[in-house]
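This is what each chain is made of:
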Amino acid sequence: MGTIQVRDVPDATERTLKARAEREGKSLAAYVRDLLNEEAATPALDEVMAKIAADEPVPYDPDFVREAIREGRR
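Residues numbered from 1 in each chain as written. Predicted model: local features only at pLDDT ≥ 70, side-chain atom pairs only at ≥ 80, totals over all residues. Heavy atoms only, no water.

**Q** Pulling in residues and values, what's your account of the pattern of salt bridges?
**A** Applying the stated criterion to the full structure yields six salt bridges. The salt bridge involving glutamate 14 is made with lysine 18; its shortest N-O contact spans 3.2 Å. Placement of the pair is glutamate 14 and lysine 18 together in helix H1 (residues 11-23), with a separation of four residues, close to one helical turn. Here glutamate 14 falls in the partly exposed class, since its relative accessible area comes to 32%. Of the charged contacts, one joins aspartate 55 and lysine 51 as a salt bridge, the two residues approaching to 3.7 Å between their closest N and O atoms. Among the ionic contacts, a cluster of salt bridges with common partners joins Glu24, Lys26 and Asp34. (Salt bridge = Lys/Arg side-chain N within 4 Å of Asp/Glu carboxyl O. Helix = DSSP H or I, 4+ residues; strand = E, 2+ residues; numbered from the N terminus. Buried < 20%, exposed > 50% of the residue type's maximum accessible area, 1.4 Å probe, protein only.)

**Q** Can you tell me about the packing of H1 against helix H2 (residues 28-41), naming the residues and giving the values?
**A** Remark: H1 packs on H2, axes separated minimally by 9 Å, with the N-to-C direction vectors making an angle of 95°. Taken together, the axes of H1 and H2 are roughly perpendicular relative to one another. Of H2, the residues touching H1 (which contributes Leu17, Lys18, Arg20 and Ala21) are Leu28, Tyr31, Val32 and Leu35. Classifying every residue of the contact of H1 with H2 by side-chain character gives six nonpolar, no polar and two charged. (Axes fitted to C-alpha atoms, helices over the stretch in contact; angles between N-to-C directions. Parallel < 35°, antiparallel > 145°, perpendicular 65-115°, else oblique. Contact = heavy atoms within 4.5 Å. Nonpolar A, V, L, I, M, F, W, Y, C, P; charged D, E, K, R; others polar.)

And the structure:
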């Protein structure tokens, strides 16, 4: 595993993160590691948009949509 060192974190930010970590029963390092893992697992907007652009278009038939709506209301 790699190591990341973050410098010049404002005191208020450090206090807030420490308090949140404590409430979750975690060390500050574990809490920040979880935040980083969550951020890394979430695709960036440009990645999402590129995937959408690469997908096959979905055919659209207004009559089918209207019928599906009517069927759903019955």
